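# Per-entry structural report
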Amino acid sequence: MNLASLGLTAEQERVYRYFLRVPHADLGAAAEELGVHHLSAVVDRLKTLGVIDVSLAAVSPAKAVDLLIAPTWPT
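First things first, this report covers the structure right here in the doc. (Residues numbered from 1 in each chain as written. Predicted model: local features only at pLDDT ≥ 70, side-chain atom pairs only at ≥ 80, totals over all residues. Heavy atoms only, no water.)

## Considerations on the overall build of the chain
Along the chain, the regular secondary structure elements total four helices and zero strands. Beginning at the N terminus, the succession of helices and strands in the chain can be written as α-α-α-α. Contacts spanning at least 24 positions in sequence make up 52% of the contacts within the chain whose residues lie at least 6 apart. Surface accessibility of the chain: about 4,700 Å² in total, with carbon and sulfur atoms responsible for 58%. The distance from the centre of the 6 positive side-chain charges to the centre of the 8 negative ones in the chain is 5 Å. (Helix = DSSP H or I, 4+ residues; strand = E, 2+ residues; numbered from the N terminus. Contact = heavy atoms within 4.5 Å. Areas by Shrake-Rupley, 256 points an atom, 1.4 Å probe, with all protein chains shown as cover. Lys, Arg positive; Asp, Glu negative; His and termini not counted. Charge placed at Lys NZ, Arg CZ, Asp CG, Glu CD.)

And the structure:
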């Protein structure tokens, strides 16, 4: 499934998938491997969305989809 249809950029999706494969990876190593020099900003956004936790582990794809399609307006 392509997460771009749920609002992630291609770069955010690459980073999410990386941390899905390599949970708790070192940010420096991940930035080098992915070629993303502003990785901390991308990770911060993914944390805000809830698809990566504070320990740098990605939530399951099913949970990520649920989080990304959840309404964002106040109830």
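Structure's up, so let's keep going.
## Quick look at helix H3 (residues 39-49)
Along H3, the residues that are buried comprise Leu39, Val42, Val43 and Leu46. Axial view of H3: buried residues confined to an arc of 95°, hence all on one face. For H3, the elements touching its buried residues are helix H1 (10-21) and helix H2 (27-34). Taken from the residues just after H3, Gly50 is the one with a positive phi, measuring 90°. (Buried < 20%, exposed > 50% of the residue type's maximum accessible area, 1.4 Å probe, protein only. Arc of directions from axis to C-beta.)

## Focus: unusual backbone geometry
Despite not being glycine, His24 shows a phi value in the positive range, around 65°. Structurally, the position occupied by His24 is in the loop between H1 and H2. Phi is positive for Leu56, close to 65°, though the residue is something other than glycine. The topology assignment puts Leu56 in the loop between H3 and helix H4 (61-69). For Leu56, a relative accessible area of 12% gives the class buried.

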